[in-house]
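Here's the letter readout for the chains.
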Amino acid sequence: MPDLKGKALMTCLDGRVKNNKSTKGTIMEQGEKLVIVGCSGAGGPAAMMAKKLMPNVDVTVIRKEKFFIVR
Amino acid sequence: MAGLATPKSIVVPDEKLEGAGINVFVAEVTKVDAESKKVLISDGKEFDYDKLFLATGSSSFIPLIEGKDLDGVMTLHGLPDAEKIKGFVADNTPKKLVFIGAGFISMEIASLFAVQNPGAFDITVVEFFDRPLPLMIDKDMADPVKEYLQEKGIKILTGKKVEKIIGENGHVTGIGFASGEKLDADMAFINVGVRPNLELAENIGLEMGTFGIKVNAFQETSDSNILAGGDCVEKLNFITKKPDPGRLRGPAVMQGRLAAKRLAGYEIEFPGVLNAGGCRMFDLVITATGFTEEAATKEGFETVCASVESRSKHGMIPGMTPWKIKLVFDKKTQKLIGGQIVSHTVSPAREIDSITALIMGKKTISDLTTFMSACNPDISSEPSLEPITIAAEQALQKLKKV
């Protein structure tokens, strides 16, 4: 797990990385595959946001439950 | 449970995901091979991944007490649980309902039974602590809530430790307390919290924290290709930066989006949780954020607190209802660290989001004395009686007296 302590964040005002040294290997490239396990509180929003920001990444959601209560 | 929403409407619909170009599979993931970056599902199908996001959630925690498996012992975490409760009530027509634990889910379900079927049930809520909603509000805020609910016909027994659930022929017949007392019951509802679903993450060998999968502020786990978020991960408290057991949907949604942003090249950190939440019982709305006075003291803070009675509208406007706010400050730094609201209408209770924003902005007592709210005779108290500023003024005077 990357240690965030003392790391100088080189980000644009909108939060995108200006100097991606710290995120090397993290940013997904076109055609790569993101698999999401679970689709309730975190999984669904992660899938939707991933597809919105990275339309050329292949996003797959695998959910076990048919239903969750939404709180 | 209230019947206000259809089952389909309370989940992220698969059509919405598929319409956005997302592949959806309803299946159980049986194994993740982190070395070869493959996910295996129950029918044997394999999925390759470059990045994996784990959002395996949590499950209701049922304590290991005698009688927990009896027919008529219910819990509520997912829709199948709600359908099971409704089915049991329809088939067995229970009269005596006992709710174990006075957390917000128990309290909401208890009040729903009372609202939807007036007089049909004998409802009792049993709580180990000295008040209902002990994790949300302090005793001085909870006492009027308890009184209100008792006026509505819900019995609330506090300071009671449930030792066992009593049954006959496989069915619930009562609750046994550690004191030796017993309470008759036809149905027992247990909601004393949830536990993270960690089996998959443990099998992968991800680093664990006290309350779930250990992640950094970008939702990254100990495996550089696996991120995680929601109920299955350990979150840090925004104020103390210490691991926090809270598991609520709001932070889960934010963590899911943050993980996606991280993968898209953003570097936005999760700020930590304040466990902001709310519940409604009859026409009473209760919201809270940050630490209660009691929790803050347990965390080692010396606190300065202030409570203010307010109005939903200007005093001369018909339909005005009372509401009450309590603010908790850290005496040393004078920073706001918690807030609680009890209201008879919904809109004042939403002021809790202002309190959350003020905590996250690290505002102090002095800052809050100049807080300016949007006022209108029909939607707020008079500007001179705005309760956040009044509470801050009270806290300021308390500091002066010391």
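Draft legend 1. How the structure looks around the overall build of chain B. If you tally the helices and strands in chain B, you get 11 helices and 23 strands. For 402 residues, the compact-globule formula gives about 21 Å, and the C-alpha radius of gyration of chain B, at 23 Å, lands near that figure. The dimensions of chain B, computed from C-alpha atoms along their principal axes, are 65 × 60 × 40 Å. Of all 402 residues assigned to chain B, the portion counted as buried reaches 43%. The long-range fraction of contacts in chain B, counting pairs at least 24 apart against all pairs at least 6 apart in sequence, stands at 61%.

Draft legend 2. View of the domain arrangement of chain B. All names here are of chain B. One can read the domain layout of chain B as domain 1 (1-50), domain 2 (60-194), domain 3 (198-278) and domain 4 (283-401). When each unit is reduced to the centre of its C-alpha atoms, the spacing between domain 2 and domain 4 is 31 Å. Each side of the interface is counted separately: domain 2 has 9 residues, and domain 4 has 11 residues. Among the residues forming the side of domain 2 that touches domain 4, the class breakdown is 7 nonpolar, no polar and 2 charged.

Draft legend 3. Representation of the sheet that holds strand β13 (residues 182-184) of chain B within the structure. Residues and elements named next belong to chain B. If you trace the 3 strands from one edge of the open sheet to the other, you get β11-β12-β13, paired in antiparallel fashion. Sheet topology places β11 (162-168) and β13 at the edges, where each strand pairs with a single neighbour. Strand-to-strand twist in this sheet, taken as the mean axis angle between neighbours without regard to direction, amounts to 30°. Note: β11 against strand β12 (residues 171-177), 6 bridges, orientation antiparallel. Across the sheet, residue Gly167 finds its bridge partner in β12, namely Val172.

Draft legend 4. Region of interest: the interface of chain B and chain A. Counting from both sides, the interface comprises 61 residues of chain B and, opposite them, 49 residues of chain A. When residues of the side of chain B that touches chain A are traced back to their parent elements, those giving at least two are β1 (23-26), β3 (38-41), β4 (46-48), β5 (51-54), α2 (79-92) and α6 (249-263) of chain B. Taken together, the residues of the side of chain B that touches chain A break down into 33 nonpolar, 15 polar and 13 charged. Looking at chain direction, strand β2 (residues 58-63) of chain A and β1(B) are connected through 4 bridges and run parallel. Its bridge partner being in β1(B), Arg63(A) is matched across the sheet by Val26(B).

Draft legend 5. Structural detail: the nonpolar core. Residues Ala188(B) and Ile286(B) are the most contacted members of the largest nonpolar core, which totals 77 residues. The element contributing the most residues to this core is helix α3 (residues 104-116) of chain B, with 7 residues. Discounting residues that sit within four places of it in the chain, Ile286(B) has contacts with Leu133(B), Met136(B), Ile137(B), Val145(B), Gly278(B), Cys279(B), Ile341(B) and Val342(B). Counting 46 residues, the second-largest nonpolar core is a separate cluster that includes Val37(A), Met54(A), Ile22(B) and Phe218(B).

Draft legend 6. Structural detail: helix α4 (residues 139-151) of chain B. All names here are of chain B. The end-to-end C-alpha distance of α4 is 18 Å, a good match for the 18 Å that 13 residues give at a rise of 1.5 Å each. Here α4 has its buried residues at Met141, Ala142, Val145, Lys146 and Leu149. Taken down its axis, α4 places every buried residue within 130° of arc, on the same side. Structural note: α4 exposes Pro144, Glu147, Gln150 and Glu151 on the side pointing more than 90 degrees away from its buried face. Here the buried face of α4 lies against β10 (155-158), β19 (277-281), β20 (284-290), β22 (322-330) and β23 (336-343). Immediately downstream of α4, the backbone of Gly153 shows phi near 100°, a positive value.

Draft legend 7. Focus on the sheet that holds strand β21 (residues 303-311) of chain B. Residue and element names in this part refer to chain B. Strand order across the open sheet formed by 5 strands is β19-β20-β23-β22-β21, with antiparallel pairing between neighbours. Every other strand in the sheet has two partners, leaving β19 and β21 as the edge strands with one partner each. Between one strand axis and the next, the sheet turns through 10° on average, direction left out of account. In terms of strand pairing, β21 meets β22 through 9 bridges, oriented antiparallel. Counterpart to Arg311 in the pairing with β22 is Pro322. Across the sheet, helix α9 (residues 352-360) touches β19, β20 and β23, and the angle it forms with β20 is around 5°.

Draft legend 8. Expanded view of the pairing of β19(B). All names here are of chain B. When β19 meets β20, the two strands line up antiparallel, connected through 5 bridges. Bridge assignment links Met281 to a residue of β20, and that residue is Leu284. Linkage of β19 to β20, two consecutive antiparallel strands, is achieved through a turn of 2 residues, within which Phe282 is found at a positive phi near 55°.

Draft legend 9. Fine view of the confidence of the model for chain B. A residue-level look at chain B finds 97% of positions with pLDDT of 70 or above and a mean pLDDT of 93. In the predicted complex, the global pTM is 0.89; the interface-specific ipTM is 0.89.

Draft legend 10. Region of the structure containing the pairing of β5(B). Residue and element names in this part refer to chain B. Residues Lys51 and Phe53 of β5 are buried on one face, and the alternating residues Leu52 and Leu54, pointing to the opposite face, are buried as well. Where β5 lies against strand β16 (residues 226-228), 3 bridges are found, and the strand directions are parallel. The partner of Phe53 across the bridge, within β16, is Leu227.

Draft legend 11. Fine view of the packing of helix α1 (residues 43-53) of chain A against α6(B). Two elements in contact, α1(A) and α6(B), have axes whose closest approach is 7 Å; the angle formed by their N-to-C orientations is 30°. Judged by the inter-axis angle, α1(A) sits roughly parallel to α6(B). Crossing angle aside, the handedness with which α1(A) passes α6(B) is right-handed. Contacts between α1(A) and α6(B) involve Gly43(A), Gly44(A), Pro45(A), Ala46(A), Met49(A), Ala50(A) and Leu53(A) from the former and Val253(B), Gly256(B), Arg257(B), Ala259(B), Ala260(B), Lys261(B) and Leu263(B) from the latter. Here the residues of the contact of α1(A) with α6(B) are counted per class, giving 9 nonpolar, 3 polar and 2 charged.

About the thresholds
- Residues numbered from 1 in each chain as written.
- Chains lettered and ligands numbered in written order.
- Predicted model: local features only at pLDDT ≥ 70, side-chain atom pairs only at ≥ 80, totals over all residues.
- Helix = DSSP H or I, 4+ residues; strand = E, 2+ residues; numbered from the N terminus.
- Rg over C-alpha atoms; globule rule 2.2 N^0.38 Å.
- Buried ≥ 20, exposed ≤ 12 C-beta atoms within 10 Å, placed from the backbone.
- Contact = placed C-beta atoms within 7 Å.
- Domains from an automatic or database assignment.
- Nonpolar A, V, L, I, M, F, W, Y, C, P; charged D, E, K, R; others polar.
- Pairing = 2+ DSSP bridges.
- Axes fitted to C-alpha atoms, helices over the stretch in contact; angles between N-to-C directions.
- Core = buried A, V, L, I, M, F, W, Y, C linked by C-beta atoms within 7 Å.
- Expected span 1.5 Å × (residues − 1).
- Arc of directions from axis to C-beta.
- pLDDT = per-residue confidence, 0-100.
- Parallel < 35°, antiparallel > 145°, perpendicular 65-115°, else oblique.
- Left-handed = near helix turned anticlockwise from the far one by under 90°.

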